[in-house]
Structures are given as C-alpha cells and as structure tokens.
Amino acid sequence: MSKTLSLIFFILGLSLALRFMTFFTAQTAYIDGQILTFETKINGASKITSKGQSLTIDLPNGKRSYAILGSYPELNYGDSVKISGKITYFKGSQGSKVAFLRYPKFELIEKGIESNLLLSLRQKIVGFFETSLPQTDSSLMLGIVFGIKEEFPQHFAENIKNTGLLHVIAASGMNITMVGGFLSSLFAYFFKRQIALVLSIGGILFYAFLAGFEPSIVRASIMGILVFSAQIMGRQTLSFLSLIFAGWAMLMIKPNLITDIGFQLSFMATAGLITFRPLFYKKKKIKHVIEKSIIGEDLVTTVTAQIFTLPILLTTFGAYSLWSILVNALVLWTVPPLMIIGAVAALLGIIASQTGTIVLLLAKPLLAYFEFMVNLFGSAGGLISLQNLPPTITLVYYLILTAVIIRFRK
Amino acid sequence: MKKLLIAIFTALLITGVLFLFEYSKFYDGKLHIVVCDVGQGDAIFITTPAKTDVLIDGGPDQKVLSCLSDHMPFWDKTIEAIIMTHPDADHSTGLIHVLKRYKVLAFYTEEVKGTTQTFKLLDSILADKNLSAKFLYAGDTLKDNSGMKLITLWPTKEAIREIVQNRSKPRLNDISVIGLLTFGNFKGLFTADAGEKIENQIESEAGKITLLKIPHHGSATGMNDQFLRVVQPELAVISVGNKNRYDHPTAKILDLLKNRNIKYLRTDQDGKIEIITDGKKWWLGP
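For clarity, every value in this text was computed on a predicted model and none was experimentally measured.

Visitor: In this structure, what is going on with empty space enclosed by the protein? I would like to understand it.
Guide: A water-sized probe, rolled over the atoms, reveals where empty space remains. All names here are of chain B. All chains considered together, the criterion is met by 3 cavities of 30 Å³ or more. Taken as a whole, the largest cavity holds about 120 Å³ of empty space. Residue lining of the largest cavity: 17 residues in total, with Ile-56, Ile-83, Val-177, Ile-178 and Gly-179 positioned closest to the centre. Sorting the residues of the lining of the largest cavity by element identifies strand S8 (149–154) and strand S9 (178–183) as the ones contributing at least two each. With 3 residues, S8 is the single largest residue contributor to the lining of the largest cavity. Looking at the lining of the largest cavity residue by residue, the class counts come to 11 nonpolar, 3 polar and 3 charged.

Encoded structure:
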C-alpha cells in the first residue's frame, strides 16, 4: 500500500471517529415511563391484527421503537404522523433493551401517497402484485424485486430465516449485483462493453426509482454498481476504494447506520465480492470448473457472501443454518429472471393491470420452485445456535480473512 | 436471443402444466367447506362446483390469506361473496387483508354497525373499493348454478330492532348472521357467535343437519342439549385458538357433544378442517 493511500485511510478513519463521538454522545436516551410527543415519518409496513396495528417507529433521538396503535387510520409507508405516548422498555432476545409504545395517541398529518408521486407509484405496484398473486408469491416477488417488506405466512417467514435467505428478500447489494451482471451480459450481445455497462447502471437506477428511492435500495444500488463494474472492468483496487469511500460517506451522513443490519450485511458482502471472489478465479482449472457448471457462479458468490457476513448473521439472528450455502446456491439463479419479470410486469401493471398480471404469472414456475426449496430445507433442521459471540472473535475472524486475501492476491 | 426465447417458451410451458394441475385439483365438481385455522376467531371458506367462492368471516389477522391460497388456484383472485357475521375483531380483521388482496364481488353483513377502530378501517376500505355492504335478514337466500343455497336464518328484522332499542351498547353476538347451507342432501349450519337462546329459536327451521359449526368458539352460553337434540349433526367443528384467554371451548359444550356421541374436530388441535361433499355423501379432506 502506498503512502498516499495510508494517509487517505487515516484521514477517513479519523473523521469518522470524530463524527461518531459527537453523534453518539449527543444522543439522548429516554427513561422508562417517559412521555413523548413527536412527529415522525412511517418507515415500514404496519401489521393489522385484532389488537390493532403494529409497526416500528423512528424516535426523535434516532433510535427505533416497537409500537402498537389503534387500527384506524391505517398508517402506511411514508405517512407523516404525530405521536404522543409513554415509552417503556422490555428485554429483547439478545439481552438488549427494546423500546415500546403501547397504544399512544396518534394523528395522521399527511398521507405519503398524496404528497409524493414516488410513494403513490410504490403503493400502486404493491397493490398490483398483491391483487395478482397469492400471498406468499406476491410477498416474495415484492421482496426480491424491490426489497419491499410485506407480510408472509408465519411458517414461511420462519423457513426463510432458517435457510439463510433473508438477504434475498431484502434490498441487498447482492441482488443488485446479480441483476447488473444479468443485464450487462444481455446488453453485451448488442453493444460494446462500456455502453453495456452504462445501460446496466441505468437499469439498476430504474429499479431504485421503482422502489421509491428508499435509502436501503439506494445504498444497495451504489454497492451493487461498484461490484459488477469491478467484475466487468477488472479494476478491483479502484472498486474497493470506492466501496470504502461510499461506506464512509453514508456513515458520515447517518452515523446510526452502523447499527443497521442491512447496512452491515450489504457492506461486508460487497467487500467480499470485490476482494475475495476473484481469488476463486486465480487458478485456470478452478475457473474452468466454475464457469462450466450450472450453479458454479452462484455457489462462489454465495460462499463469499456467507464467509464475509457469518459473524453478523450469528450475532443478529443467534443462529446459522448448515443448509444455508446449499439452499442459496440452489435458488439464487432464479433471482435475476424474477427481478426482470417483476419489473416488466410492474411497468405493464401500472398501465394495463390485466396484461401485467399475465406476465407476472410467468414467474409462477420459478416461485413454486423457490418456495418448495425454502419449505424443504426450512423444516430440515440443521440450525447452529450461538448465544453472544464475543467482539474479539469477530475482530480476529476479519483479520484472518484480510490476511488470507493479501496472501493469495499475489 | 435464442436463449431468451427458449426461456420464455419453457416458462409458458411450465405455467401451463401448473395451470392444468391446479385446475383439475380445485375444480373437482364437489363442494368444499374449509374451516380455516386462524387461531381464536372464525374464518370459513366455501367453494362450490359452479366455482363460487364464499368466505364467512376472516379471523383476527392475516392468517386467513394462506388458507385462501391453499384452497384456490393461483390465478383466481376473485371471491364472489364475503359474509361478515358480525363486526367483532376476531371475525372481521382478516377481512381487511382479504379485501385488499382479492376482488370481492359482494359484501354481506348484518345491519348494526360496529364502533371499533377495526370496523372504521374496514368501512373505509369498503368505500375505497366501491363496495357497499348489503344487509342480510332471516329468509334471504344466496344461491348459485350448482344448486348450493345459503339461507339466512338469523337475525330477523324484529330482533335487530329490539336489540338496538333496548340497549345502549348492543350485544352484537346475538344478531350474528346464522346461515344454513344446503347442497343436495348435505346441510351445514354456521352459527357465528350467537347464544343458546337464539339457537333455540332457529333450531326447528334448521332441522336435522350434517355439519354444525359450534357457536361462539365453544363458549358455555353458545348452545344447550335441546338444540343438539333437534339438529343432530353428524360432525361438529370448533374454531378456536390454542390456549386462548377465554378457555374456549368449555367442558360443558364438549360434554354435551360427548353425551350425544357427536364426532367433533377443533382447529386448535386438528388444524384446518376440510369437509367435501358431492351432495349425497360427505368426507373429510386431506
């Protein structure tokens, strides 16, 4: 590493440390029983049951709280709302304190879909998918194509978690990378490499647009674009630096992201895809095997992402499925075609919903296959559970990974 | 390009095969009654040989959706009629989810409106979908080309008037819509949450039946021996949540059934219950 690079890393690290210090010391903590009145924006879907609607709410101090509210009016993604109620804490599964608002008073200030064109577009797409397909299919499609979280039947949600496939239905850099790869190889038929690259980036931005430029999608898009550009242009060092810079910029703007699981997973998986994945292609023989076998590419991608996110998965979910890598390798190939079908159907669906539905039904074979695999392996057992992974082990784990990469790059 | 065409063709082919498979599986010329496992609440799905889908209540949450997906082909997102027996949240909340995701052609309920936030939300969604609720009174009949008839036995107009006038807060359970389904020789009685006094008023009109949905999740005040003596069901089903806070079904109701040697199934122990009939015989589904 050159001197300039070291200096850049030093400056980035120092500025970030300062930002963290000022941000987290200034953060106020609420005491148990404190009454809060604040305005906030709804940042997810609410679940409606006979007890009311439950959702997570962003508090003024930047933290999140679980909340259960009366079911009318229904709160949707993007709505502005005024809330006043008592905050209490209960102990979460990993021993952390979880904030909870129980039936606070609330008032809808502005409906998101009425003030924002992107939100109403998003709402239309959700409605179109949900009225065209059965519940599991539509929630799966919305998750895979747009990273939009809608409710699954309970047993299916558990199976998805057990098989380590949550990242597929979340907005992750990996999904975007795969679509980028798919689009660029499609465009490469017709155009020069550089033009194909630009068009693919255009395609990715289009996804981000359809998903309403949700922050997690934007993050995933930036990271996804970095990775697959690196794959095409073969400039790994540059991509790695841009990833570091992108991560730095996001954290400078919103230091809270460091605790966001989506951000952690996205960042680490992307880092792995940039630095670790190419190692598999060093030896001609191995490269040949990977490229000739049907699921070889997906297997390499999965193994890399899993290796790089293992400590995060273990600390967050407290469990890791032995089947995870196998299931991922078996289903990941369906993601790019599902995303393409989903995007085309969504576009058509907005204009002519019946034509859109017909296109969407073409996804049924892939969805049936995906669901079959999830249910097969989700109930097969093989879960390793682990309570409290010490941070030192995580640190040592990543240091060893770094050493391996440096050793084998030569 | 060639590869893309092959891919599209394969997708079409497999979708076609899936279509044929589900078509023959679901449209088998029989009448199906599914008592969905929705926990503490009611949701009963009926589909007839004329492809009419009827949903009686929606349970307390979104669980009804997977019950519908399991018993409808994947391209069918239309429900011909929903009957909300009364506006209690354990019967109506799931209908909010159903209305959002399915095209519903008609929505029936009883006349008295609910006062809860859930009811308000349901009302606003009905308005969004340009559906206006139609009220059912004793004597009203819904039917289709298969010969299936769904006869409303309760509430009478008088009962509604009386209940609304006499109480500031009406007991909605006692004006629940009670429906009698007839298909050939088969008769099924769906009693919602009505109490024993109501059951005794409709028992003679119902007569001897094949299937009884036990009133009010097996609450002690739901029915008495007199009622069972008249309707003599061959099978009783109880829609109830595991370890619910009301202790439903009560020992009293289970004893009544045991004393008369009536076979019963309950959703908390047996999961969803599917009854299939061709109008002559009936049997339990898988």
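Resuming the write-up.
Visitor: Is there a simple way to think about the state of the cysteines in this case?
Guide: Simply put, the disulfide is a covalent bond whose two ends are the sulfur atoms of two cysteines. Residue and element names in this part refer to chain B. In the structure shown here, the tally under the stated rule is 1 disulfide over all chains. Between Cys-36 and Cys-67 runs a disulfide, and the two sulfur atoms are separated by 2.0 Å. On the sign convention where negative means left-handed, the S-S torsion of about -75 degrees between Cys-36 and Cys-67 marks this disulfide as left-handed. Here Cys-67 lies in helix H2 (residues 63–71) and Cys-36 lies in the loop between strand S1 (31–35) and strand S2 (44–47), a separation of 31 residues in the sequence. Residue Cys-67 is classed as buried on the basis of its relative accessible area, which comes to 7%.

Visitor: For this particular structure, what's the right way to read the sheet that holds strand S5 (residues 103–109) of chain B?
Guide: Adjacent strands of a sheet form backbone hydrogen bonds with each other and so pair up, either parallel or antiparallel. Residues and elements named next belong to chain B. Overall, mixed pairing links the 8 strands, which are arranged S6-S5-S4-S3-S2-S1-S14-S15 in an open sheet. Of all the strands in the sheet, just strand S6 (134–135) and strand S15 (282–284) have a single pairing partner and so form its edges. Of the pairings in the sheet, the one linking S1 to strand S14 (residues 273–277) comprises 5 bridges and is antiparallel in character. Bridging across to S14, Leu-31 finds its partner in Thr-277. Lying on the sheet, helix H3 (residues 89–101) is in contact with strand S3 (53–56), strand S4 (78–84) and S5; it crosses S4 at an angle near 160 degrees.

Visitor: Even after reading the chapter, I still don't get the side chain of Gln-62 of chain B, so can you show me in this structure?
Guide: Mapped onto the fold, Gln-62 of chain B is located in the loop between S3 and H2. The class of Gln-62 of chain B is buried, set by a relative accessible area of 9%. For Gln-62 of chain B, the side chain forms a polar contact with the side chain of Gln-135 of chain A, separated by 2.4 Å. Separated by 3.3 Å, the side chain of Gln-62 of chain B and the backbone oxygen of Phe-152 of chain A make a polar contact.

Visitor: What is the right way to look at the packing of aromatic side chains in this model?
Guide: Two descriptors summarise a pair of aromatic rings, namely the distance from one centre to the other and the angle between the planes of the rings. Applying the stated criterion across every chain yields a total of 20 aromatic pairs over all chains. Considering the side-chain rings of Phe-190 of chain A and Phe-191 of chain A, the 6.3 Å spacing of their centres and the 65 degrees angle between planes classify their relative orientation as edge-to-face. Judged by its relative accessible area of 39%, Phe-191 of chain A falls in the partly exposed class. Aromatic side chains Phe-263 of chain A and Phe-267 of chain A sit 6.0 Å apart centroid to centroid with 25 degrees between the ring planes, which places their arrangement in the stacked category. Pair noted here: Phe-263 of chain A and Phe-267 of chain A are both in helix H10 (residues 261–275), with a separation of 4 residues, about one helical turn. Among the aromatic residues, ring-to-ring pairing joins Phe-19, Tyr-23, Tyr-27, Phe-74 and Trp-75 of chain B into one connected group. If you follow Arg-122 of chain A out to its NZ or CZ, it ends over the ring of Tyr-77 of chain A, 3.7 Å from the centre.

Visitor: Hey, could you run me through the side chain of Asn-256 of chain A in this one?
Guide: Secondary-structure assignment places Asn-256 of chain A in the loop between helix H9 (236–253) and H10. In this view, Asn-256 of chain A contacts Phe-23, Phe-24, Gln-27, Gly-62 and Lys-63 of chain A; residues no more than four positions away in its chain are not counted.

Visitor: I'm lost on unusual backbone geometry in this one. Help?
Guide: The phi angle of most residues is negative, glycine excepted, and most peptide bonds adopt the trans form. Residues and elements named next belong to chain B. Following Trp-154, the chain continues to Pro-155 via a peptide bond in cis, the omega torsion being 5 degrees. Structurally, the position occupied by Pro-155 is in the loop between S8 and helix H5 (157–166). The omega torsion of the bond from His-248 to Pro-249 falls at -10 degrees, within 30 degrees of zero and hence cis. As for its position among the elements, Pro-249 is in the loop between strand S12 (235–238) and helix H8 (251–259). Even without a glycine there, the phi angle at Ala-192 is positive, about 50 degrees. Its place among the elements puts Ala-192 in the loop between strand S10 (186–190) and helix H6 (196–206).

Visitor: Just to check I follow, could you spell out the pairing of S5 of chain B for this structure?
Guide: The side chains of a regular strand alternate, first on one face of the sheet and then on the other. All names here are of chain B. Of all the 7 residues making up S5, 5 are buried; the element is thus mostly covered by neighbouring parts of the structure. With 6 bridges joining them, S4 and S5 adopt parallel strand pairing. Paired with Thr-78 across the bridge in S5 is Lys-103. On the question of chirality, the crossover connecting S4 to the parallel S5 by way of H3 is right-handed. Note: S5 against S6, 2 bridges, orientation parallel. Bridging from a neighbouring strand, Thr-109 pairs with Phe-135 of S6. In this region the chain leaves S5, passes through helix H4 (residues 117–128) and returns to the parallel neighbour S6; the handedness of that crossover is right-handed.

Visitor: I would appreciate a short explanation of the confidence of the model for chain B in the present structure.
Guide: One rule of thumb: low pLDDT means the predicted coordinates there are not for detailed reading. Summing up the model confidence of chain B, the mean pLDDT is 94 and the portion of residues at 70 or higher is 98%. Scored as a complex, the prediction yields pTM 0.88 and ipTM 0.90.

Visitor: Whenever I open this one, the nonpolar core confuses me. Can you help?
Guide: Among the nonpolar cores identified, the biggest contains 44 residues, and Phe-129, Leu-140, Met-141, Ile-144, Phe-146 and Phe-370 of chain A are the most heavily contacted of them. No other element matches the 7 residues that helix H14 (residues 335–351) of chain A contributes to this core. Aside from chain neighbours lying at most four places away, what touches Phe-129 of chain A is Ser-138, Met-141, Leu-142, Phe-146, Gly-342, Ala-346 and Leu-360 of chain A. Ranked by size, the runner-up nonpolar core spans 28 residues in total, among them Ile-82, Met-84, Leu-95 and Leu-131 of chain B.

Cut-off values and rules
Residues numbered from 1 in each chain as written. Chains lettered and ligands numbered in written order. Predicted model: local features only at pLDDT ≥ 70, side-chain atom pairs only at ≥ 80, totals over all residues. Heavy atoms only, no water. 1 Å grid on protein atoms, 1.4 Å probe; cavity = no way out; pocket = protein on both sides within 12 Å on 5 of 7 lines; lining within 4 Å. Points joined across faces, edges and corners; volume = space filled by probe spheres on them. Helix = DSSP H or I, 4+ residues; strand = E, 2+ residues; numbered from the N terminus. Nonpolar A, V, L, I, M, F, W, Y, C, P; charged D, E, K, R; others polar. Disulfide = S-S within 2.5 Å. Buried < 20%, exposed > 50% of the residue type's maximum accessible area, 1.4 Å probe, protein only. Pairing = 2+ DSSP bridges. Contact = heavy atoms within 4.5 Å. Axes fitted to C-alpha atoms, helices over the stretch in contact; angles between N-to-C directions. Polar contact = N/O pair within 3.5 Å; in protein donor to acceptor, adjacent residues only side chain to side chain. Phe/Tyr/Trp six-rings, centres within 6.5 Å; stacked < 30°, edge-to-face > 60°. Lys NZ or Arg CZ within 6 Å of the ring centre and 35° of its normal. Right-handed = clockwise from strand over helix to strand, strands pointing away. pLDDT = per-residue confidence, 0-100. Core = buried A, V, L, I, M, F, W, Y, C linked by side-chain atoms within 4.5 Å.

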